[in-house]
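# Coordinate inspection notes
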Amino acid sequence: MSTSASPQAQAPAKASPKFPFWAQIVAGLALGVLFGWLARSQDVSWLKTTLEQVGDIFVQLLKLAVAPLVFFAILVSITNLRKVNNAARLASRTLLWFMITSLISVGIGLAIGLLTDPGAGTGLTPADGKEPKRHGSWIDFLTGIVPKDIVTPFTELNVLQIVFLAAVAGIAALQLGSKAQPVLNLAESVLELLQKALWWVIRLAPIGTVGLIGTAIASYGWELIGKYATFTADVYIGSALVMFGVYPLLLATAAKVNPVHFFKGAWPAIQLAFVSRSSVGTMPVTQKVTERLGVPKEYASFAVPFGATTKMDGCAAIYPALAAIFIANIFDVQLGIKEYLLIAFVSVVGSAATAGLTGATVMLTLTLSTLGLPLAGVGLLMAIDPILDMMRTATNVAGQAVVPVIVAARENILDKEAYAAASSSPLDEPAAEPVKVAVAA
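Residues numbered from 1 in each chain as written. Predicted model: local features only at pLDDT ≥ 70, side-chain atom pairs only at ≥ 80, totals over all residues. Heavy atoms only, no water.

## What about the pattern of salt bridges?
- Per the stated rule, a full pass over the model turns up six salt bridges.
- As a salt-bridge pair, glutamate 411 and arginine 89 come within 2.8 Å of each other at their nearest N and O atoms. Of the two residues, glutamate 411 is situated in the loop between α17 (385-410) and α18 (416-421) and arginine 89 in helix α4 (residues 87-116); the sequence distance between them amounts to 322 residues.
- A salt bridge links lysine 311 to aspartate 313; its shortest N-O distance comes to 2.8 Å.
- Lysine 311 sits in the buried class, given a relative accessible area of 1%. (Salt bridge = Lys/Arg side-chain N within 4 Å of Asp/Glu carboxyl O. Helix = DSSP H or I, 4+ residues; strand = E, 2+ residues; numbered from the N terminus. Buried < 20%, exposed > 50% of the residue type's maximum accessible area, 1.4 Å probe, protein only.)

Now the structure itself:
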């Protein structure tokens, strides 16, 4: 005779943190601004060096996991699609909404740029610019997808090539079926291990925030921000319009859900993206909040990694549109309808070139080379880039969570009760499940 018993005693519920994570981030921002201002105004070299080292260590810890995380996340996400009904339809709808939101975003960027002329009155000249080391061109983009060997993409952190390798491995695993199951089991275990390690790094985000924000203020100061005031405001306003205007409108009309609930659930990922400036580094948080917003895990595990490497409304749509107009102003180049259409085309088709890493230099050079604008113009924007990249990346990540919600809602697979209840921090560990004990007699 055998019976099963579930003991009444369960793991005690965790007490709510006295100092929530979002408040820790805000405190880190405030301290970073204060320390950065002190380091710059009082010329405290050791403080500036310390802030820089703290920020660099945090970013390096995030980047350490990028290559294997992207590979295993894409591999597992592709194979997980076999568990989803109408997988091909979901994948195509996801890509379609990526393109729609990118097109809207680049339109907003162009409209703001045309209204404000961000390069006028800055006092900058073509002599102030310099050509960047990293270029983007259509030939490089197309030929650069396929790696020359397996090792180099991981050592040089070429995310686009890592995505290619993972996609090939995932499709091959689907074709092999049950024969590939041991490899898939290993991949899922490695992915969980990487995500667990990355959670530890994410918990350091408040400290990393102090270093990153402090370094930005200490290195560039408010004077530089003032010099680029119009352009900086344009990027932040354009990103805010997309994040708090376009996305809520699409959620309310296309998905027919309350946008307020989305921001309650997605805010932890958005704020981490603002600080870390890395869509890929934020990916585990983005996936977790997307699942908590009611998107099925099997679909979210595909859509979020796919979006983290290709969905860039901030870096690949708003920013290059504004930057192209800014650089055209400085170099006194007239842009017409054809050039604006080319900007929109590059933003929608070429966004994978940004590949979820910090910064959008490759995407900008791709846009400039397509328009025939001087690549030296990129150098004009490099100093201000870290400050711009915070808002761009936050917009990227918000879009990477919005699209799966929209698609899931339109395909009637969104758990609307979970969506309405999504408000907890993604840094809270899931509650322990009751342990079932089998007693044999």
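## Some points on the packing of helix α1 (residues 21-41) against helix α2 (residues 45-64)
- At a minimum axis distance of 8 Å, the contact between α1 and α2 shows a crossing angle of 140°. The angle between α1 and α2 places the two elements in the oblique class. The two elements α1 and α2 cross, and the hand of that crossing is left-handed. Side by side, α1 and α2 meet where Phe35, Gly36, Leu38 and Ala39 of the first sit next to Leu47, Lys48 and Leu51 of the second.
- A per-class count over the contact of α1 with α2 returns five nonpolar, one polar and one charged. (Axes fitted to C-alpha atoms, helices over the stretch in contact; angles between N-to-C directions. Parallel < 35°, antiparallel > 145°, perpendicular 65-115°, else oblique. Left-handed = near helix turned anticlockwise from the far one by under 90°. Contact = heavy atoms within 4.5 Å. Nonpolar A, V, L, I, M, F, W, Y, C, P; charged D, E, K, R; others polar.)

## Regarding the packing of aromatic side chains
- Applying the stated criterion to the full structure yields ten aromatic pairs.
- Seen in terms of ring centroids, phenylalanine 98 and phenylalanine 306 are 5.5 Å apart; in terms of plane orientation they differ by 40°. Their pairing is tilted. Taken together, the positions of phenylalanine 98 in helix α4 and phenylalanine 306 in helix α13 (residues 297-310) put the pair 208 residues apart, joining distant regions of the chain.
- Of the residues examined, phenylalanine 98 reaches a relative accessible area of 4% and is grouped as buried.
- Given the relative accessible area of 22%, phenylalanine 306 is considered partly exposed.
- What links up through ring pairs into an aromatic cluster is the set Tyr228, Phe231, Tyr319 and Phe326.
- The cationic tip of lysine 288 hangs over the ring face of tryptophan 199; the distance from NZ or CZ to the ring centre is 4.8 Å. (Phe/Tyr/Trp six-rings, centres within 6.5 Å; stacked < 30°, edge-to-face > 60°. Lys NZ or Arg CZ within 6 Å of the ring centre and 35° of its normal.)

## Digging into the environment of glycine 36
- When you line up the elements, glycine 36 lands in helix α1.
- The spacing of glycine 36 and alanine 216 is 180 residues in sequence and 7.3 Å in space, taken between C-alpha atoms.

## What about helix α15 (residues 337-349)?
- Helix length check: α15 (13 residues) gives 18 Å between terminal C-alpha atoms against 18 Å at 1.5 Å per residue, within 8%.
- Listed in full, the buried residues belonging to α15 are Glu339, Tyr340, Ile343, Ala344, Val346, Ser347 and Val348. (Expected span 1.5 Å × (residues − 1).)

## So, the packing of helix α11 (residues 259-276) against helix α12 (residues 279-292)
- α12 packs onto α11 with a crossing angle of 170° between their chain directions and a minimal axis gap of 8 Å. Between α11 and α12, the interaxial angle falls into the category roughly antiparallel. When you trace α11 past α12, the crossing you get is left-handed. Here Gly265, Ala266, Pro268, Ala269, Leu272, Ala273 and Ser276 of α11 come into contact with α12, specifically with Thr282, Val285, Thr286 and Val289.
- Of the residues in the contact of α11 with α12, the class split is seven nonpolar, four polar and no charged.

## Description of the nonpolar core
- With 79 residues, the main nonpolar core has Phe231, Phe262 and Leu381 as its most contacted residues.
- Those residues in contact with phenylalanine 262 that sit more than four places away from it in its chain are Leu251, Leu293, Ala398, Ala401, Val402, Val405 and Tyr419.
- Core analysis: the next-biggest nonpolar cluster, separate from the first, contains 43 residues, Leu69, Ala73, Leu75 and Val285 among them. (Core = buried A, V, L, I, M, F, W, Y, C linked by side-chain atoms within 4.5 Å.)

## Details of the confidence of the model for the protein chain
- For the protein chain, per-residue confidence averages 81 on the pLDDT scale, and residues scoring 70 or more make up 82% of the total.
- At the low end of the mean pLDDT range in the protein chain sits strand β2 (residues 437-440), at 37; at the high end sits helix α10 (residues 229-253), at 95.
- Considering only residues more than four positions removed or in separate chains, one finds that residues 1-17, a stretch of pLDDT under 50, has 17 contacts.
- Within the model, pLDDT remains below 50 along residues 429-441, and this stretch shows 20 contacts once partners closer than five positions in the same chain are excluded. (pLDDT = per-residue confidence, 0-100.)

## Section: helix α8 (residues 181-202)
- Relative to the 32 Å expected for 22 residues at 1.5 Å per residue, α8 spans 31 Å between its end C-alpha atoms, a close match to the ideal helical length.
- Of all the positions in α8, only Leu184, Ala187, Leu191, Leu194, Gln195, Leu198, Trp199, Val201 and Ile202 are classed as buried. Angular distribution of buried residues about the axis of α8 spans 150°; they occupy a single face of the element. Across α8 from its buried face, at more than 90 degrees, point the exposed residues Pro182, Leu186, Glu192, Leu193 and Trp200. (Arc of directions from axis to C-beta.)

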